[in-house]
Amino acid sequence: MEAIEFQATIGSDGTIAIPENLAKKVRRGKVRVIVIEDDRRMPDREEAGDRDRSQNYIKFLMANPIKVDSSIPLLTRDEIHDRRI
């Protein structure tokens with residue numbers, strides 16, 4: 001698998017155009033796309049709704065905690081912060 005990185009602007013129709021000089025490298029077929037936003041901007045109403053949903057999920061987890069097997073040994077604070085190499 002070869003990774004090709006380029007910057008692009010998402011069009012108003014939601015498409016991302018592959019630059020012409022790179023389009024020849026990309027074969028037709030299935031590809032994996034990772035989108036990373038460069039600029040942080042104010043969330044729109046739809047995204048603000050996502051924040052409310054995540055807060056509701058946290059409330060759900062608080063009411064329904066995930067049970068962890070107590071037979072698994074946990075690290076102590078000193079073990080976590082031990083910096084021996």
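Residues numbered from 1 in each chain as written. Predicted model: local features only at pLDDT ≥ 70, side-chain atom pairs only at ≥ 80, totals over all residues. Heavy atoms only, no water.

1. A few points about the overall build of the protein chain
Consideration 1: Assigned secondary structure in the protein chain consists of three helices and zero strands.
Consideration 2: Along the protein chain, from the amino end to the carboxyl end, the secondary structure elements read α-α-α.
Consideration 3: Evaluated residue by residue, the protein chain yields a buried proportion of 1% over its 85 residues. (Helix = DSSP H or I, 4+ residues; strand = E, 2+ residues; numbered from the N terminus. Buried < 20%, exposed > 50% of the residue type's maximum accessible area, 1.4 Å probe, protein only.)

2. A look at a nonpolar patch on the surface
Consideration 1: Together, Ile 4, Phe 6, Ile 10, Ile 16, Ile 18, Val 31, Val 33 and Val 35 make up an exposed nonpolar region whose accessible area comes to about 670 Å².
Consideration 2: The exposure class of Phe 6 is partly exposed, given its relative accessible area of 31%. (Patch = residues over 30% accessible without salt bridge, like charges linked within 9 Å, V, L, I, M, F, W, Y side chains within 5 Å. Areas by Shrake-Rupley, 256 points an atom, 1.4 Å probe, with all protein chains shown as cover. Salt bridge = Lys/Arg side-chain N within 4 Å of Asp/Glu carboxyl O.)

3. Here's the deal with the confidence of the model for the protein chain
Consideration 1: Residues at a pLDDT of 70 or more form 81% of the protein chain, whose mean pLDDT is 79.
Consideration 2: Of all secondary-structure elements in the protein chain, the lowest mean pLDDT belongs to helix H2 (residues 45-63), at 72, while helix H3 (residues 77-81) reaches the highest, 89. (pLDDT = per-residue confidence, 0-100.)

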